[in-house]
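One-letter residues, chain by chain:
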Amino acid sequence: MEKFSQLPYFLSPASGQADRIASLTTYFIIAALFVLAVVIGLLIYVSVRFRAKPGDGEPKQFTGNKVVEGFMIGVPTLLVAVFMYLTIDTMANVMPAPAGNQRPDVVITGHRYWWEASYPGTKAIVANEIHLPVGRKLLVHINAADVIHDWWVPQLGAKMDAIPGRTNYVWTTIQKPGVYEGACSEFCGAQHAWMRIKVVAQPEAEFRKWVAQKEQDATTQLSASAQAGAAFFSHQPCGSCHRIRGTAANGNVGPDLTHFGSRKIMLAGLLENNPENLRKWLTEPQHVKPGALMPRFGYPKDSITVLVDYLTALK
Amino acid sequence: MITDVQLPEPKTPLPGATVNSDQGLLMWISSVDHKQIGIMYMIMTLFYLFVGGLLALLMRVQLMMPENTFLAPDSYNQLFTMHGTTMIFFVLTPAILGMAVYMVPLQIGANEMAFPRLNAFAFWISFFGGLLLYFSFLAGGAPDAGWFSYAPLNQTQYSASPGIDYYCIGLLLSGIGTVSTAANLAVTIITLRTPSMKYKYLPVFVWMVFINAFLILAAFPSLNAALAMLLIDRQLDGHFFNTDAGGSALLWQHLFWLFGHPEVYIVVLPPFGVLSEVFQVYSRKPIFGYPFVVGSGIAISLLAFGVWVHHMFATGMGNTVNSFFAVSSMLIGIPTGVKIFNWLGTMYGGSIRFTTGMLFATAFLVEFTIGGLSGISFAIVPIDWQLTDTYYVVAHLHYVFLGGSLFGLFAGFFYWFPKISGRMYSETLGKWFFWLFMIGFNMTFFMQHILGIIGMPRRVYTYPNLAGYSLLNLISSLGAFLMGGSMLIFLYLLYDAIKRGKRAGDNPWDGYTFEWLTSSPPALKNFTILPPVYSFRPVHDLNHPEIGDYQKSDEEKYGTKDTD
């Protein structure tokens, strides 16, 4: 079991926005613990002090005290006023309205059960492993292809629902390079649990290089077996759901596979991306991730072998 | 001094009253007696509490360790949907209705509800609504889109099994029952009070039920309309919520939470009333700040309709809208929070008896404060942006529904058990039950605050083996089993009390309100004779004339001048 001190969540923020939220949360936790301590303290005091003793008569009957009631209303009202101010101030800071025509830096689309990211102004489209540059205030657009999903990377700031027919936005100014994990946070069906997010934050130059690489079409230098796989792929219905740029495959129901071989994870975080897992997935997708939209095609073993060779060769 | 006497009588004989009690089951089915209907509500509630609890235990087995395969994702999703739906609509809501239907006529000195047949109709239609909901398991799959059933996941193309159709029809039926009972309770309280019982003399429980009746009348139609629209979408190809055909996903959320948030107060206001009775009687003192307790109940019910968007802060509504709902949500914390201090004030200077009922009431103070404080963190929009839809919410809502409503209902159950059954229960068993249940409850749900903060989303059938997830989930599951085990003690306690319990007598706790004046259990006709009412605790005035409230001016009684 790993240590709690390693917990990389929203109270260890990595963006300006998450940082603001984390400090507001800290103030709130202090105030809440204070109120809770007062209630528990008073409760213990009255319980011990006024416990019935044998031979007690009826206690003095009184029904109120204006001064106490004044405090009971006054103190919480004051606390609420302070937090109202902090709330509205933080909201304005974390989620200012963008200019109407501002081009987003990245567009995130939630699908059942994976994430798509495209970078407007470039041809790059990726799935689940999303790269972002550090040190720049990024405008992230969020929408959904089918049902409601929710984009949530705790260390990078606010979560935001991805709602079909609507475009939402969040801002994030990532402060340090690193890998940040997140998950779909709105119940979206059978595999809501395996719709995890991996954000790789990189310095600007590295990020540009990565985008340029992702703009490339699919690899064409393939081994004989991989070529057989490519042919098999193009003759089967794969392309009606998946896209491989540079080929006829142009679907958008499943993840873009143009650079599939360069990914570390598959199935939105369920498995490590390696040939063995890929073979398992292609053979019995509904055993590996029940409820995912990938049907079981029942391809013969050697067809799956060449398909695995082809897909892992797509770097 | 108390001299004159009032004799309330039902104007016409009631059909159920003519059935002889030795006709057994038929007597119950045909009954229109508010007490028998109240008891049937409570039995139904207890049954569904066990069913809903069993679903929860299955879920906790699945979540005991990471990447567990005990349940398939589909089954898990059906379980959590049915767990939530059952607990909200077939445990908490009928439990408060059952208690109200049983106690309100007794507390206001009436012999029946205003509409006895409507009362029976409302119970039976709720009962059959529940059966129909559970029939879905046999009819091709239970609903699986959550008790909130968000659009467009609730549409046929995303949830093809008939589960959600059963969800619509089952909840519509029980919703009709709930609205009927609310109207019935409101009319009963307005028209059937013993003539000298002015509004300012209503027991606090009756006040809370009265306020609650209007809350139900305003909130449930929104749900019922949404359910009818969803049924039209699913059965007749309507486009209200179907985004693929141009419908709006957010419209469902607005309609649902316009009901759903008031529902939280619907199931907590009557327990507030129950607790006010329990704190008074076991502390031997009148409630501290009666006008404030009632007034804050009214404030809560009004504010309840201005807070629904705090369930939707992550839907991208914009800062202006969000600020409005943030402010109203924080404001509702003030009257709610102040009630806690009213109850502490009631205990202050008293002579407190820690019976099982009182233990649940005092534990409520702590658990509900935790639930209320974590609730404020959702009103603070930026915190909500991090924590909504995580296990932190699961923790919060269980502290409110279970640590709040259910603890309050248990307090009332143990307080009124001698009246309803005519028997005393074993305090030893009661205390065992209380402590195990309370420890199990906190073990289960306190951990979930931390799980949410470290990033575990809710409604997931499994989770990766990340730092902390496994240990906290294991503790949570063990706590759930402790809670489940303690419920068996509760069952044994009931059996033991009914079988071997001592006779309770009319007023074993030296209670303050009219129900303690009649026999235990009350006869079919509640009262033949009642004293006039001079304060909100008439039986106390009767039994303790030397310190009775009737001697005091209104200023002394309430801290306010008589303006009546």
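Here the structure is a predicted model, which is why all the values come from computation and not from measurement. (Residues numbered from 1 in each chain as written. Chains lettered and ligands numbered in written order. Predicted model: local features only at pLDDT ≥ 70, side-chain atom pairs only at ≥ 80, totals over all residues. Heavy atoms only, no water.)

**Concerning the overall build of chain B**
Here comes step 1: Scanning chain B from terminus to terminus reveals 17 helices and 0 strands.
Here comes step 2: For 564 residues, the compact-globule formula gives about 24 Å, and the C-alpha radius of gyration of chain B, at 23 Å, lands near that figure.
Here comes step 3: Along the first, second and third principal axes, the C-alpha set of chain B runs to 70 × 50 × 50 Å.
Here comes step 4: Put simply, chain B has 564 residues, and 68% of those count as buried.
Here comes step 5: Partitioning the contacts of chain B with sequence separation of at least 6, the portion at a separation of at least 24 is 81%.
Here comes step 6: Summing over all exposed atoms, chain B offers an accessible surface of approximately 17600 Å²; the carbon and sulfur share of this is 70%. (Helix = DSSP H or I, 4+ residues; strand = E, 2+ residues; numbered from the N terminus. Rg over C-alpha atoms; globule rule 2.2 N^0.38 Å. Buried < 20%, exposed > 50% of the residue type's maximum accessible area, 1.4 Å probe, protein only. Contact = heavy atoms within 4.5 Å. Areas by Shrake-Rupley, 256 points an atom, 1.4 Å probe, with all protein chains shown as cover.)

**Quick look at the interface of chain B and chain A**
Here comes step 1: At the junction of the two partners, chain B supplies 104 residues and chain A supplies 83 residues.
Here comes step 2: Regarding the contact of chain B and chain A, the summed buried area is about 7700 Å², with carbon and sulfur atoms giving 71% of it.
Here comes step 3: Contact with chain A buries surface across chain B, with Phe288(B), Trp385(B) and Gln386(B) losing the most and accounting together for 10% of the total.
Here comes step 4: For the pair chain B and chain A, the interface holds 2 salt bridges.
Here comes step 5: Its salt-bridge partner being Arg459(B), residue Glu186(A) comes within 3.5 Å of it at the nearest N-O pair.
Here comes step 6: Taken together, the residues of the side of chain B that touches chain A sort by class into 58 nonpolar, 30 polar and 16 charged. (Buried area = accessible area lost by both parts, 1.4 Å probe. Salt bridge = Lys/Arg side-chain N within 4 Å of Asp/Glu carboxyl O. Nonpolar A, V, L, I, M, F, W, Y, C, P; charged D, E, K, R; others polar.)

**A short note on the packing of aromatic side chains**
Here comes step 1: All told, the structure shown has 80 aromatic pairs over all chains when counted by the stated rule.
Here comes step 2: Judged by centre distance (5.9 Å) and plane angle (75 degrees), the ring pair of Phe256(B) and Phe259(B) falls under edge-to-face. Residue Phe256(B) and its partner Phe259(B) are located together in helix H7 (residues 249–266), separated by 3 residues, close to a single helical turn.
Here comes step 3: For Lys285(B), the ring lying beneath its charged end belongs to Phe62(A), and the centroid distance is 3.9 Å.
Here comes step 4: The lysine or arginine in question, Arg537(B), covers the ring of Tyr512(B), its NZ or CZ lying 4.8 Å from the ring centre. (Phe/Tyr/Trp six-rings, centres within 6.5 Å; stacked < 30°, edge-to-face > 60°. Lys NZ or Arg CZ within 6 Å of the ring centre and 35° of its normal.)

**Some remarks on the UniProt feature "domain: Cytochrome oxidase subunit II copper A binding" (unreviewed entry) in chain A**
Here comes step 1: UniProt feature "domain: Cytochrome oxidase subunit II copper A binding" (unreviewed entry): in the numbering of this structure it lies at residues 101–213 of chain A.
Here comes step 2: End-to-end, the C-alpha atoms of residues 101–213 of chain A are 28 Å apart, and along that stretch the chain is 9% helix and 46% strand. (UniProt positions renumbered as here; feature names shortened; annotations may be inferred.)

**Thoughts on a nonpolar patch on the surface**
Here comes step 1: Among the surface-exposed residues, Val67(A), Phe71(A), Val75(A) and Leu79(A) lie close enough to one another that they form a single nonpolar patch of about 380 Å² accessible area.
Here comes step 2: Mapped onto the fold, Val67(A) is located in helix H2 (residues 66–94). (Patch = residues over 30% accessible without salt bridge, like charges linked within 9 Å, V, L, I, M, F, W, Y side chains within 5 Å.)

**Some points on helix H5 (residues 275–283) of chain A**
All names here are of chain A.
Here comes step 1: Regarding H5, the residues found buried are Asn277, Leu278, Trp281 and Leu282. The arc that holds every buried residue of H5, seen down its axis, measures 130 degrees, which confines them to one face.
Here comes step 2: Each element contacted by the buried residues of H5 is listed here: strand E11 (265–266), strand E12 (271–272), helix H6 (285–288) and helix H7 (301–313). (Arc of directions from axis to C-beta.)

**Quick notes on the nonpolar core**
Here comes step 1: Counting residues in each nonpolar core, the largest one holds 284 residues, and the members touching the most others are Tyr119(A), Trp151(A), Trp252(B), Phe410(B) and Phe437(B).
Here comes step 2: Among the elements that make up this core, the one with the highest residue count is helix H3 (residues 73–107) of chain B (20 residues).
Here comes step 3: Residue-level mapping places this core at the junction of two domains, with at least three residues from each of domain 1 (9–37 + 68–203) and domain 2 (224–313) of chain A. (Core = buried A, V, L, I, M, F, W, Y, C linked by side-chain atoms within 4.5 Å. Domains from an automatic or database assignment.)

**A word on the pattern of salt bridges**
Here comes step 1: Within the structure shown, the criterion is met by 15 salt bridges over all chains.
Here comes step 2: With a shortest N-O distance of 2.9 Å, Arg284(B) and Asp510(B) are connected by a salt bridge. One end of the pair, Arg284(B), is in the loop between helix H8 (269–283) and helix H9 (290–303); the other, Asp510(B), is in the loop between helix H15 (469–500) and helix H16 (538–543), and 226 residues separate them in sequence.
Here comes step 3: It is possible to trace a salt-bridge network through shared partners that takes in Asp105(A), Arg136(A), Glu204(A) and Arg208(A).

**What to know about the packing of helix H1 (residues 16–49) of chain A against H2(A)**
The description of two packed helices rests on the angle between their axes and on the distance between the axes.
All names here are of chain A.
Here comes step 1: At their nearest, the axes of H1 and H2 sit 10 Å apart, and the two run at 170 degrees to each other. Comparing the axis directions of H1 and H2 gives the class roughly antiparallel. Residues Gln17, Arg20, Ile21, Leu24, Tyr27, Phe28, Ala31 and Val35 of H1 form the contact with H2, whose participating residues are Leu79, Phe83, Leu86, Thr87, Asp89, Thr90, Asn93 and Val94. (Axes fitted to C-alpha atoms, helices over the stretch in contact; angles between N-to-C directions. Parallel < 35°, antiparallel > 145°, perpendicular 65-115°, else oblique.)

**Overview of the environment of Ile475(B)**
All names here are of chain B.
Here comes step 1: Structurally, Ile475 is set in helix H15.
Here comes step 2: Sequence separation between Ile475 and Thr444 is 31 residues; the distance between their C-alpha atoms is 6.7 Å.
Here comes step 3: Non-local contacts of Ile475, meaning those with residues more than four positions away in its chain, are made with Met443 and Met447.

**Details of the domain arrangement of chain A**
Residue and element names in this part refer to chain A.
Here comes step 1: For chain A, the domain assignment lists domain 1 (9–37 + 68–203) and domain 2 (224–313).
Here comes step 2: Here domain 1 and domain 2 have C-alpha centroids that lie 32 Å from each other.
Here comes step 3: Each partner contributes residues to the interface: domain 1 has 17 residues there, and domain 2 has 19 residues.
Here comes step 4: Together domain 1 and domain 2 conceal approximately 1600 Å² of surface at their shared face, both sides included; 56% is due to carbon and sulfur atoms.
Here comes step 5: Sorting the residues of domain 1 by area buried against domain 2 places Ile125, Glu129 and Trp194 first, and these three jointly supply 32% of that buried surface.
Here comes step 6: Counting across the interface, domain 1 meets domain 2 through 8 residue pairs in polar contact (both at pLDDT 80 or more).
Here comes step 7: Class assignment for the residues of the side of domain 1 that touches domain 2 results in 8 nonpolar, 3 polar and 6 charged. (Polar contact = N/O pair within 3.5 Å; in protein donor to acceptor, adjacent residues only side chain to side chain.)

**Considering the sheet that holds strand E4 (residues 129–133) of chain A**
Residues and elements named next belong to chain A.
Here comes step 1: Spatially, 3 strands are ordered E4-E10-E9 in an open sheet, and the strand pairing comes out mixed. Each edge of the open sheet carries a strand with a single partner, namely E4 and strand E9 (178–183). Going from strand to strand, the sheet's axes swing by 25 degrees on average, the running direction of each strand aside.
Here comes step 2: In terms of strand pairing, E4 meets strand E10 (residues 196–202) through 5 bridges, oriented parallel. For Leu132, the partnering residue across the bridge sits in E10 and is Ala201.
Here comes step 3: In this fold helix H3 (residues 204–215) packs onto E4 and E10, with an angle of close to 135 degrees to the strand it touches most, E4. (Pairing = 2+ DSSP bridges.)

**Quick notes on unusual backbone geometry**
Residue and element names in this part refer to chain B.
Here comes step 1: Across the junction of Ala151 and Pro152, the peptide omega takes the value 0 degrees, indicating a cis bond.
Here comes step 2: Tracing the chain through its elements places Pro152 in the loop between helix H4 (116–135) and helix H5 (163–191).
Here comes step 3: Omega for the bond connecting Ser520 with Pro521 falls within 30 degrees of zero, at -10 degrees, which places this linkage in the cis form.
Here comes step 4: Phi at Glu67 is positive, roughly 50 degrees, even though this residue is not glycine.
Here comes step 5: Mapping Glu67 onto the fold places it in the loop between helix H2 (34–62) and H3.

**Focus: the sheet that holds strand E1 (residues 106–111) of chain A**
All names here are of chain A.
Here comes step 1: Overall, mixed pairing links the 5 strands, which are arranged E3-E2-E1-E5-E8 in an open sheet. Only two strands of the sheet have a single partner each, and these edge strands are strand E3 (125–127) and strand E8 (168–173). This sheet shows a mean twist of 25 degrees between the axes of neighbouring strands, independent of strand direction.
Here comes step 2: As paired elements, strand E2 (residues 114–118) and E3 share 3 bridges and run antiparallel to each other. For Glu116, the partnering residue across the bridge sits in E3 and is Ala127.

**Re the UniProt feature "transmembrane region" (unreviewed entry) in chain A**
Residues and elements named next belong to chain A.
Here comes step 1: Using the residue numbers shown here, the UniProt feature "transmembrane region" (unreviewed entry) corresponds to residues 26–46 and 67–88.
Here comes step 2: Across residues 26–46, helical content stands at 100% and strand content at 0%; the span's end C-alpha atoms are separated by 30 Å.
Here comes step 3: End-to-end, the C-alpha atoms of residues 67–88 are 32 Å apart, and along that stretch the chain is 100% helix and 0% strand.

**Considerations on helix H6 (residues 204–236) of chain B**
Residue and element names in this part refer to chain B.
Here comes step 1: Over its 33 residues, H6 runs 47 Å from end to end, which matches the ideal 48 Å to within 8%, given 1.5 Å per residue.
Here comes step 2: By the largest-angle criterion, Ala219 marks the main kink of H6, which is about 25 degrees, and a proline, Pro221, follows within four residues.
Here comes step 3: Counting buried positions over the 33 residues of H6 gives 24, a clear majority of the element.
Here comes step 4: Just downstream of H6, Asp237 is the residue with a positive phi angle, here 60 degrees. (Expected span 1.5 Å × (residues − 1). Bend = angle between axes of the 7 residues up to and from the residue.)

**Considerations on the confidence of the model for chain B**
Residues and elements named next belong to chain B.
Here comes step 1: Across chain B, pLDDT averages 90, with 93% of residues at or above 70.
Here comes step 2: Least confident of the elements in chain B is helix H17 (residues 554–558), whose mean pLDDT is 59; most confident is H5, at 96.
Here comes step 3: Under a pLDDT of 50 for its full length, residues 1–11 has, in the predicted model, 27 contacts with residues more than four places off or in other chains.
Here comes step 4: Within the model, the stretch residues 560–564 combines pLDDT values under 50 with 9 contacts to residues more than four positions away or in other chains.
Here comes step 5: What the predictor reports for the complex is a pTM of 0.93 with an ipTM of 0.93. (pLDDT = per-residue confidence, 0-100.)

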